[in-house]
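Report on the structure
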Amino acid sequence: MKTIKYVSLAFALLSLNVSCNDDFMERQPLDKISDGNYWKTTNDLKLYLNSLYDKNELLAREDGWGSIGPYGWDADNGSDTEVRYTYNTRMNGEKTIADDKDGWGTDDWAPLRSINYFLDHYKTVEEATSFDAVKQYVGEALFFRAGFYFEKLKRYGDLPWAETTVGMDSEVLQAARTPRNQIVENILGDLDKAISYLPGGAGGWTGRLTKETAMALQSRIALYEGTWEKYHAADDFRAATNKSQQFLEKAAAVSGQLIALSASTGYPALDNVGVENGYRDLFNQENYSTSKEVLFWRKYEAGAINSIWDRYSSNGAGRGATKNLIDSYLKADGTPVAAGYDDASLLKIVENRDPRLEQTIQINDKKHYRWDKANPIFYFTAPAFDGWDSEESCPTGYQIYKGHNFRYADARAAGQGLQALIYFRYAEVLLNYAEAKAELGTISQDDLDKSINKLRKRVGMPDLTTNVAKDPNFEFSSLKPIIQAVRRERKVELACEGFRVDDIFRWAAAGELIVGKIPVGAKKASWVGFKFSNYLPEATPDLSRQAKFDERVAALETDANGYIKIFKNTLNKGTEGFKFKVNRDYLLPIPTNQVTLNPNLKQNPGW
Amino acid sequence: MKPIFNTSAYGFQYLYQKKRFSLGVVLFLLANGVQANDLRAGIPERFVSKGIPTEETNLTTLQRELSGRVVDQQGQPIAGVTIKIKGGTATTSTDKDGRFRITSGTNAILNISAVGYKAQEISAPVSGELQVRLESNVNDLEEVIVVGYGTQKKTNLTGAVASIGGERLENRSVPTITQALQGTVANLNISTPNGAPGTKQEINVRGYTGIAIDADGNKVNRSAGPLVVIDGVQGGDLSSINMNDVENVSVIKDAAAAAIYGSSAPYGVIIITTKKGKAGKPVITYNNNFGFAQPINLPTMVNSLDFANAFNEVGANSNYTAKLFDDEVIKRIKDYQAGIIKDETMKNPSADSWLGWNAANANNDWFDIYFKKASFSQQHNVGVSGGGENSNYYVGMGYNQQDGLFNYANDQYKRYNVRANISSNITSWLTFNFRSAVSRAQTDNPAIYSGISGGNSYSYDYFHQIGRTYPTVPMKNPDGNWSEGSGIGIFTDGGRAKATTDNAILTGEFLAHLAPGWDFTANYTYDGTYIDNSNHRKTFYIVKPSGAKDPRGGTSPNYFERNTYKNQHYTINAFTSYEKTLGGHYFKVLGGFTQELYDNLRLRGSNDNLYSDEVPSLGLSYGVNRNAADEASQLAIRGAFGRINYNYKEKYLLELNGRYDGTSRFLKNERFKFYPGISAGWVLSKEEFWQPLSNAIDQFKIRGSYASLGDQAFTDNRYPFYPNLATTLPTDTRWIFNGGRGSSVGSPGLVNYGLSWVTTNTLGFGVDAALLKNKLNFSFDWYKRNGKNYAMESQGLPALLGVRPPLVNDGETETKGIELTVGWKDKINEFSYGANLVFSDYTGKVLKITNPKGLIDRQWYNGMTLGEIWGYETVGLFKDQAEIDATDQSFIHGGTWNIGDVHYKDLNGDGKINIGENTITDPGDRKIIGNNTPRYSFGLNMNAAYKGFDLTVFLQGVGKRDIMFDANSNYFWGFTDGEWQSSYFTVHTDRWTAENPNGYYPRAYFNSDRNRKAQSGYLQNAAYLRVKNLQLGYTLPKEILDRIKFKRARLFFNVENLATITSLTKIVDPEIVNGSAKVYPLQRNWAFGLNVTF
């Protein structure tokens, strides 16, 4: 009996393996990979870089509900040309210092880590193959690093510079910030390499970055820093050593190279030259794969990824252009409008004006659509003063047409727009070239002819000449007339594309354009008594808007000249205008915690 | 230990000599552990060889054979009751029918005792059969308590261990055992995250179990629950167990006692013992209850006119240029309320759509609309137990159904349970047990739409949607269809999210009695959980005024997703124990081995564009977003454990526990660690010097313990040492290349190869006492738990690092607490009554953390009291411009400050309100304004019985707790981030306006949180007292039962959450309050039911 018991027990014990670190205790992940399994083929590099294309911090997406993609960014970020139905608080000096995150958090720096991690690891693939096999991907990574740093530069000025993966004991974590122009030199250096590594875009659209895109970014950044250092030379935001000249020359050089490339190969080039509504139709397309002008863009795909801004753009999206923008357009003969020109109606405004105006804002001329596939066709009749909520109204009377894809009536409700998002178009490079040359003081008629005048020719405007006259009624009348003219061209050509706040800041122009300004829209009188029934038979769907429209128009407030005071009494009681602090608000504050964690960062001026 | 072996030998000897070898003798022998084999073989050798005892026995005095029967209070026979002649040696025990025979002398006193019952002493009657009714006595110190890998007499316990009998859980109309356990054990802290059907409760023993940082980089309390051991197998799930199957629950709070489970139980153990079969005629019990639940503590919306006016006013405060509700809409709202117009909205004049939100004129309280007045629940449980000579069985079956509260949404939870426990004696020394439990839980809820509905998780989204829907939003459009804004269509027609969770636990176990006092147990358990959940988003259409239909945003294309999980857990336990008493010295030694493997697998597939919404299936889809993925992980645990118990005459008690533990979660060099525990007790009441006190104080014991335990569960990651590259499926990316979307790979996070165990060291002292003849029981414990080598991220690294720092074992925390249990039990004639009070409290502190700058607010810092709330001090609301001009609050808000805004106090006197460096040394104008730790938790269970009636009242609550609602909680603040995310409930009408300058809430804004900073003026008091449960029962008298052939029948009426006293804002329940205040409400449940036994 006992024997059986003990034998059983012995068996039981033996059957249990009681050693410690055997296979049973060694468990490896079953669904994860690490560096050891990766970095073997060029496809590995490609897949890794795919993740960077998907990062909103590197390539911004359309902004979701209530937005109209890049065509609302000038309003959202603050400018003098486009506004939302509430005023921009940063422009009014209301920004406060956050305790943490707010653009300088772990997630905000994560893309840099991703990029640097790639640059630290791609070499194993290069060793296995060749530099030629990997250079495109290295170029993409360098492009992304440049783009990343440029966005941070615009917000914060001086920055910590890291070109390898930051570790927990990296000195840069506790270091002082690198001066901004050193940062820009580093960025431009990255882009020089990217330009030489990346393939050209003439070979067809791939969805990946191209050499021309890198050149466009380089011209943008060099011009940004060149003008920033020039116009902030005497204020608190100046660079330690002013390298304005050097950066402007770089901007002129790289944009000049692209222009030369265009001349010699035909890519890039402006689209829709001489085509009716050609300017308008640059911005409302689903697919730019055959475009020679759009260098880099984001595609959407039915059933997979949608943009939704056409849902809002037909009804104003709570945004609108200001009178300031409208006044900036030249007459069709190339001369400025006189003060007090006839702006009694939309039709009057576009009469005899730069054609880009009527292709940028909605005009009730029976040619501007809200939807062209609805039955009956929805022509634009009047701005959405009567919108039923703030996101479906136009507060200024100048409703944005640029970027509105009027072909999607059916998809609108489900938010399934496919409107593509443009990041870089060649026209900007032409403007960068002209501006850099003008700022350098070396601009020639030939320079104008191969840049701005190409844009003017596209829309049938007369050429700009170097001996352009000063316009005393237009902004920047204290600058050289050619600089004034170049800036006007930029304001007009790139209107509502999200460039304006960057331009104002780099020109140190907030004092002239923002401070004390009370934005106004259209003439109120032009909409008092407006009758939808008189307008067009095709407007029947709009007939029932009348009551609400009248009620809302009646409630509009005006300034002394009868223009709609968009923010009524809400912006500093309606009397004082924007209180942007020119000794503080050009740069954003660094969050408190980050300055505490690394006191060497030092807070930005004025904060 | 059964010290009856020798005495039964004497008894046998006597009977053998008298040749009274009857059936009774056989039973007697059997009951005393003599095996049938021995009998068949003739006279057991071991008895004969001992010969007749030489000492003089009492056998020759006048004897009679006494027979009797022992039953419980319900008249059920009790098997295994020990009957002993006082002062003599004769002992016997009852059989399955509760019968016994014993030879006793005249005038002998019989000592009758059984586990779980009050012992009785009865004089042997001169003639006739003895009928004994034993009272159950769970508080009795003689009670045997289930501890890790064994049992322990309560009187010999050296640690803080509580025990709850199954009867405390009976008839509660709550679906899970965790809900029933709430408030029953001091410092067993059970909280319900929300009131949704099927919600799992959070369990915590003795408070703070550590600290962590969430995905957003903010500090969060880590809540680690106790180890759940069901029938000796660790790793159980309380939410799937049927509480009607539960015999007993032990809660091991003491670390030394838990040390036998080593790293698996750093924060206590809950040991569940399920019912076992009893030999005899099968007994069937049937319990049911039917309940009706009504939501409690829901906010109330204001009428649409007041709503519209308030939104206009706040819009104006917020610098909105246009009125949100213009005059025309206001007029329509008035007309609708006056009955002049009947439709809740009208057609949009400028588009083919119905007006909604601020253009519609309805008058709806969405809480009224969304929630049922009463929802139904029911439970049915059947238990069958019985057994024969060598085997016995218990089979329990349960059905549990809980309907949700949502109108239109039709949410439901169902659970089915079957448990079978079978025990069989294979040989005289070997027993085989087989235990199985199968459960199926099903939830069937509206489909999950991100940002719209929360599906079965009832997340924030769902309640956010309800709370932000304007009263003016129509429920139905004039055409009779649900309006888009009501959201109802998405619940009725948007598809379903279903989940079925099947769990099967199978245990095979051998118990061997190798020699007297020496036992060996080995078991193997398979615990498999299979989950199948699906989410089907159906395309449904909004009907436009023209009759045309638009797919509701987000519902097109339709979509189907299926997840299957196979989570398997294999457990081996093998242990052996030996006990021996030598001259008052009692020893017990236990040693064993345990091994566990968790093996999880998940398969996930999804696609859009289904051929038919009638047959949602992955195979029946043609979309381009076809997605297939799996997740697989394993975790291995292995350990050796041991325990030594020693006591001297049950007066001086000592216990040593230890476990050598390893986990695959750490790399080889860090993997194994040893965790010991020591505890000791001194039963003063057994000392000579206690005699003068013994009349008043029956038992008095002091105890102390110290233990060191490991914790490996601080991360969910089973491979925290592995720097994996993040991978993304093409369908989850948002960039389209010319070949379509591409999959992508990202950089790895930072890992620490040296990551190892967290160690918790716990010191505890306790006192147990029983007074007034055990009527009053008292127990008090004090403890201090130190978490050492706590795994935390460094908080001293700038964000430039670009990634979360790795976990490093360098944090240290301390939790201190007390717990008190007082029980009273008495009987006056037929009236019996009792009360049990539990009270507990704890606080936690951070002793060491990597936060070199002492950052506060989002961070942990050295010396921090856990749960503390930092905020400004509120002076009041600005009364005039002069007061505003005298302050500088521009750090908080850069624009204009107005009358009615919050005036914050300049605590540091620097003339500015700000956060300084946001550090502990320079916190600016903030200070600690409160603490959200629930303090002074208590539960009071009172019961009384008279004749057939019984009444139980259970009160439960928290004595002190502060809540600071989030700045963006529109439930609390009303007006928050914009007009679309704001609410206006009746509580919000008490706010500052020019007409109501003394309102509670400050001037409201849609676009500024200037007045909603954490601050003393808006701190809420979440203390509460709740009548958690009230139960009234009536047991039918025996006469009627006999007639209907029932053994027992009881009818009862039960109410959960009957009433609550609290000063917390009326928008949320104090028991489930969180920072957003958006939670599925708890319910008051009215139930009635029946218990029968036959």
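Attention in this report is confined to the structure presented alongside it. (Residues numbered from 1 in each chain as written. Chains lettered and ligands numbered in written order. Predicted model: local features only at pLDDT ≥ 70, side-chain atom pairs only at ≥ 80, totals over all residues. Heavy atoms only, no water.)

As a further point, take the overall build of chain A. Within chain A, the secondary structure is distributed over 22 helices and 8 strands. The globule rule puts the C-alpha radius of gyration for 607 residues at 25 Å, and the 28 Å found for chain A is close to it. For chain A, the spread of C-alpha atoms along the three principal axes comes to 115 × 60 × 50 Å. Taking the contacts inside chain A whose residues are at least 6 apart along the sequence as the reference set, 73% of them involve residues at least 24 apart. In the form shown here, chain A has an accessible surface area of approximately 21,700 Å², with 51% of it arising from carbon and sulfur atoms. Here chain A contributes 76 positively and 83 negatively charged side chains, and the mean placements of these two sets differ by 2 Å. (Helix = DSSP H or I, 4+ residues; strand = E, 2+ residues; numbered from the N terminus. Rg over C-alpha atoms; globule rule 2.2 N^0.38 Å. Contact = heavy atoms within 4.5 Å. Areas by Shrake-Rupley, 256 points an atom, 1.4 Å probe, with all protein chains shown as cover. Lys, Arg positive; Asp, Glu negative; His and termini not counted. Charge placed at Lys NZ, Arg CZ, Asp CG, Glu CD.)

Further remarks concern the overall build of chain B. Counting secondary structure elements, chain B contains 15 helices and 52 strands. Relative to the compact-globule value of 31 Å for 1094 residues, chain B shows a C-alpha radius of gyration of 33 Å, a close match. Projected onto the principal axes, the alpha-carbon positions of chain B cover approximately 110 × 65 × 65 Å. Classification of the 1094 residues of chain B by burial places 55% in the buried group. Relative to all contacts within chain B whose residues are 6 or more apart in sequence, the contacts with residues 24 or more apart total 68%. As presented, chain B carries roughly 43,000 Å² of accessible surface, and 55% of it is formed by carbon and sulfur atoms. Within chain B, the 104 negative side-chain charges are centred at a point lying 6 Å from the centre of the 111 positive side-chain charges. (Buried < 20%, exposed > 50% of the residue type's maximum accessible area, 1.4 Å probe, protein only.)

With that settled, the discussion passes to the packing of helix H8 (residues 211–231) of chain A against helix H9 (residues 244–265) of chain A. All names here are of chain A. Remark: H8 packs on H9, axes separated minimally by 7 Å, with the N-to-C direction vectors making an angle of 155°. Here H9 runs roughly antiparallel to H8, going by the angle between their axes. Like other packed secondary-structure pairs, H8 and H9 cross with a definite hand, here left-handed. Counting all contacts with H8, which are made through Glu212, Met215, Ala216, Gln218, Ser219, Ala222, Leu223, Glu225, Gly226, Thr227, Glu229 and Lys230, the residues of H9 involved are Ser244, Phe247, Leu248, Lys250, Ala251, Val254, Ser255, Gln257, Leu258 and Leu261. For the contact of H8 with H9, the class distribution of residues is 10 nonpolar, 7 polar and 5 charged. (Axes fitted to C-alpha atoms, helices over the stretch in contact; angles between N-to-C directions. Parallel < 35°, antiparallel > 145°, perpendicular 65-115°, else oblique. Left-handed = near helix turned anticlockwise from the far one by under 90°. Nonpolar A, V, L, I, M, F, W, Y, C, P; charged D, E, K, R; others polar.)

Below, the discussion takes up empty space enclosed by the protein. One way to see where empty space is left: roll a probe the size of a water molecule over the atoms. All names here are of chain B. Scanning the entire structure with this criterion turns up 19 cavities of 30 Å³ or more. Approximately 300 Å³ is the volume found for the largest cavity. Around the largest cavity, the lining comprises 25 residues; the ones closest to its centre are Val174, Gln179, Gln402, Leu1082 and Gln1083. Broken down by secondary-structure element, the contributors of at least two residues to the lining of the largest cavity are strand S21 (391–403), strand S51 (1048–1062) and strand S52 (1083–1093). Considering only residue class, the lining of the largest cavity consists of 7 nonpolar, 14 polar and 4 charged. Approximately 140 Å³ is the volume found for the second largest cavity. In terms of lining, the second largest cavity is formed by 16 residues, of which the most central are Ile230, Val233, Ile505, Thr507 and Thr525. If one sorts the elements of the lining of the second largest cavity by residue count, strand S23 (residues 430–446) sits on top with 3 residues. The residue inventory of the lining of the second largest cavity, partitioned by class, reads 4 nonpolar, 8 polar and 4 charged. (1 Å grid on protein atoms, 1.4 Å probe; cavity = no way out; pocket = protein on both sides within 12 Å on 5 of 7 lines; lining within 4 Å. Points joined across faces, edges and corners; volume = space filled by probe spheres on them.)

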